Amino acid sequence: MAKFRFLALQEIARRKPVECGERPRCSVVFGENVFSMDKMRHYLSIEAYKKLEKAMSEGLAIDRGLADQVAAAMKAWAVERGVTHYTHWFHPLNGATAEKHDSFIDLLPDGDVIESFDGRLLVQQEPDASSFPNGGIRNTFEARGYTAWDPASPAFINNRTLCIPTIFVAYTGEALDFKTPMLKSLAMIDRAAVDICQYFDKDVQRVIATLGWEQEYFLVDEALYNARPDLKLCGRTLMGHSSAKDQQLEDQYFGSIPARVTAFMEELEYECHCLGIPIKTRHNEVAPNQFECAPIFEEANLAVDHNQLLMSTMKKVARRHNFRVLLHEKPYKGVNGSGKHNNWSLLTNTGVNLLSPGKNPKSNMQFLIFLVSTIKAVYEHGDLLKASIVSQGNEARLGGDEAPPVIMSVFLGNYLSGMLDELVEKVSDRKMSPDEKTELKLNVGKIPEIMLDNTDRNRTSPFAFTGNRFEFRAVGSSANCGGPMIALNAAVAEQLIAFKRETDALIEKGVKKDEAIFQILRKYIIESKPVRFEGNGYSKEWREEAARRGLSTVVDCIPALKAYCSEKAKRLFVDNGILSERELEARFEIKNEIYLKKLQIESRVLGDLVLNHIIPTAITYQNTLLTNVTALKNILPDYESVADVQIEAIRTISYHIREIQTMVSDMTEARKQANAIADEVARAEEYTEKVRPYLEKIRYHVDKLELLVDDEIWPLPKYRELLFSR
Ligand code: ADP
Ligand code: MG
């Protein structure tokens, strides 16, 4: 095995950047592989195009006749580009993307072959999808699922296949994907936000959520990856002593990007641009071999699709450059993990960013409603937001001293935070005097000035206001952004609806509109105050303070996931038609199952690796020492004082081997006992409590052995090699 490690290192020493030569400018290739509205115009009749445009902007159903025309247009465009197959492309709840390719081939009665694709095939497919996670929604005897076209996200070409973004539902109509509830949550926040905007501007007819994700990831050389079964099977290293140097000098962040990585990024960006993903930034992240890319923000549904597409494109392109991309939240112990910051805001059809302070008191009142409602949403549904981002991988990242804490709090910056507190003082329940009102409005009008100075960035907050948007930082790097976006959209929409209802009630009682708004703002600011936190989210004091404030400090995945089944979550999702009770439970069950399986796999892989790789290697080295000591004994009468170091090492090796061996047996026994528990949730909790601790305990001894054993026979690539080979 050690041979593999050294062959890999030799291979890496010979690697050169995989250059791809000249490429056209991004403005030329952008969206080349996307069947955008622009392209449709060329392939559809004017009449059909207008009909489609209207249906899209008003969210109307697309009839079969129009679907036939769109399908014909898509096929014509795709076939001209050498496309042979089509697929419905969807996001099942395992977090990946799924596709089942069908050829355009069709046989005519006379035996002739044509390429065919019609509206029926565009609009709906019936994949036999019985092995997608369904949380008990689908019985095997009705294993069918349906995919249905999402016209809001354009079709694209990937690997000579026409990919049609779709939703994925069970035979019984229940959602089995992220997109279905995502679209419903977007519709909910659209309606709720438009209603608020109507207080200020009658021209606002539509509000979209915007999302700009920042994707962090690690690259590792393919040869080293192949020599690490834990990376291959679990996506993270289960052992490995930290490298003498890793990120302590902080010399990686924003440093110059290594040549092989630059070549990879250039190709990735090129592919993304062809797919219409507006990738804009790239840089080194804090840990060695950790990087980040981010696009220009887009409408949230499209942005989620684009992030899913990015992740699969990354994997494909990385291989061409002899890299593997690690999307796991914590591939290496002791260095930073990877997240996916979700920058989120709301944008009106009139071009106003509702989370951007405006130029006058009126627009700032509107801004304050959206700001305060978002804070209140995080306060009310912090548990749900947490449930939407926890996973087995993210569990290892969250709560560390370099990732957002698991306590959901909102960071505003001192100025804005002070401004809200001031508003509470200035507004009162009794009728305000004209002077008081003027002063208040003047203050509110000053926000933009203040914001310009407000450059503080609190990196320790899971949910931070960054001047014109909120940044949800707790999302895991491998996650589908849909999960957290559904929760956030719905939670904020619920608050906006309540805000409107309460304000209208005051107006009906005769309170002037402005004053009514100020009063409800005041109420919401007071109510949501406990969730606001400006200090160091990593500190121990904050954990204690948060508990006093009644915020959830739950760290473990399964207890956190239970928020999906809380009464509060049900009221939010079920009452607003986003997810039914059954769908909600299914989501919880699926997440529970995935957690359990991943932990089980890690435990097994660790057991195999230590028994088959580590212990044999340690014994081999111990034998070398024994031979040495025996030889010394033969020639030196005082060998014991000469060979004391070797003798001590022999003992230490035996000690670690024994510890490892015993703990692996105990861990296996713990798994057996846990596996006997019929209830899946109880089983997952038993795994957390009884199996999970062994992973760290066993690792401790393996890492000690790594420091002891001759480097030449150590089988697994070491951290310094994984983190610094590029
Ligand atoms: P930083 O690292 O400083 O947070 P980046 O430039 O890496 O900034 O990423 C910021 C992300 O936020 C980008 O994807 C950007 O497009 C996005 N963003 C900016 N404004 C908005 C907005 N109004 N709504 C959603 N996302 C936004
Ligand atoms: Mg950011």
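Residues numbered from 1 in each chain as written. Chains lettered and ligands numbered in written order. Predicted model: local features only at pLDDT ≥ 70, side-chain atom pairs only at ≥ 80, totals over all residues. Heavy atoms only, no water.

Our working rule: UniProt positions are given in the numbering used here, feature names are shortened, and annotations may be inferred rather than shown by experiment.
If you look the chain up in an unreviewed UniProt entry, it shows as Glutamine synthetase from Butyricimonas faecihominis. Recorded under Sequence similarities (unreviewed entry), the UniProt text for the chain is reproduced unchanged: "Belongs to the glutamine synthetase family."

Observations concerning the coordination of the magnesium ion (ligand 2)
Let me state the cut-off plainly: Counted as coordinating are nitrogen, oxygen and sulfur atoms within 2.8 Å of the metal, or 3.2 Å for Na, K and Ca, while water is not included, which may make sites look incomplete. Numbering of helices and strands runs from the N terminus; a helix is a DSSP stretch of H or I covering at least four residues, while a strand is a stretch of E covering at least two.
Here the magnesium ion (ligand 2) is held by Glu214 (OE), Glu214 (OE) and Glu471 (OE), and the distances to it run 2.2 to 2.6 Å. Of the two residues, Glu214 is situated in strand β10 (residues 207-221) and Glu471 in strand β18 (residues 470-472); the sequence distance between them amounts to 257 residues.

Some words on the environment of Asp666
One can find Asp666 in helix α24 (residues 644-675). Expressed as a C-alpha distance, the spacing of Asp666 and Tyr694, which sit 28 residues apart in the sequence, is 8.6 Å.

A closer look at the environment of Ser417
What counts, and what does not: Whether two residues touch is decided by their heavy atoms; if any such pair falls within 4.5 Å, the residues are in contact.
With respect to the element layout, Ser417 can be found in helix α14 (residues 414-426). Linking Ser417 and Phe533, residues 116 residues apart in sequence, is a C-alpha distance of 9.2 Å. Setting aside residues up to four positions removed in sequence, Ser417 forms contacts with Leu412, Arg532 and Glu534.

Some details on the pattern of salt bridges
So the rule is basically this: In the sections that follow, a salt bridge refers to a side-chain nitrogen of Lys or Arg positioned within 4 Å of a carboxyl oxygen of Asp or Glu.
Under the criterion given, the structure shown has 49 salt bridges. In this structure, the salt-bridge partner of Asp68 is Arg64, at a minimum N-O distance of 3.4 Å. Placement of the pair is Asp68 and Arg64 together in helix α5 (residues 64-80), with a separation of four residues, close to one helical turn. One connected set of salt bridges, linked through shared partners, spans Lys376, Glu380, Glu502, Lys523, Glu527 and Lys568.

Considering the site of ligand 1
Counted only if it meets this: Nearness is defined per residue: one heavy atom within 4 Å of the molecule or strand is enough. What qualifies as a polar contact is a pair of N or O atoms within 3.5 Å, subject to a donor-acceptor requirement within protein and to the restriction that residues adjacent in sequence count only when both atoms come from side chains. Areas reported here follow the Shrake-Rupley algorithm with a probe of radius 1.4 Å; residue values treat only the protein chains shown as occluding. Charged residues are taken to be Asp, Glu, Lys and Arg, nonpolar residues to be Ala, Val, Leu, Ile, Met, Phe, Trp, Tyr, Cys and Pro, and polar residues to be all remaining types, Gly included.
In the vicinity of ligand 1, 14 residues are found, and the nearest of them are Thr210, Glu214, Pro295, Phe297 and Asn343. Within the side chain of Thr210, an N or O atom sits 2.8 Å from a nitrogen atom of ligand 1. Glu214 is positioned with one of its side-chain polar atoms (N or O) 3.2 Å from an oxygen atom of ligand 1. Its free accessible area being 570 Å², ligand 1 has 80% of it covered by the protein chains. Secondary structure elements with two or more residues in the shell around ligand 1: β10, β12 (290-295) and β15 (340-348). Among the elements that take part in the shell around ligand 1, β10 stands out by supplying three residues, more than any other. A breakdown of the residues in the shell around ligand 1 according to their chemical character gives three nonpolar, six polar and five charged.

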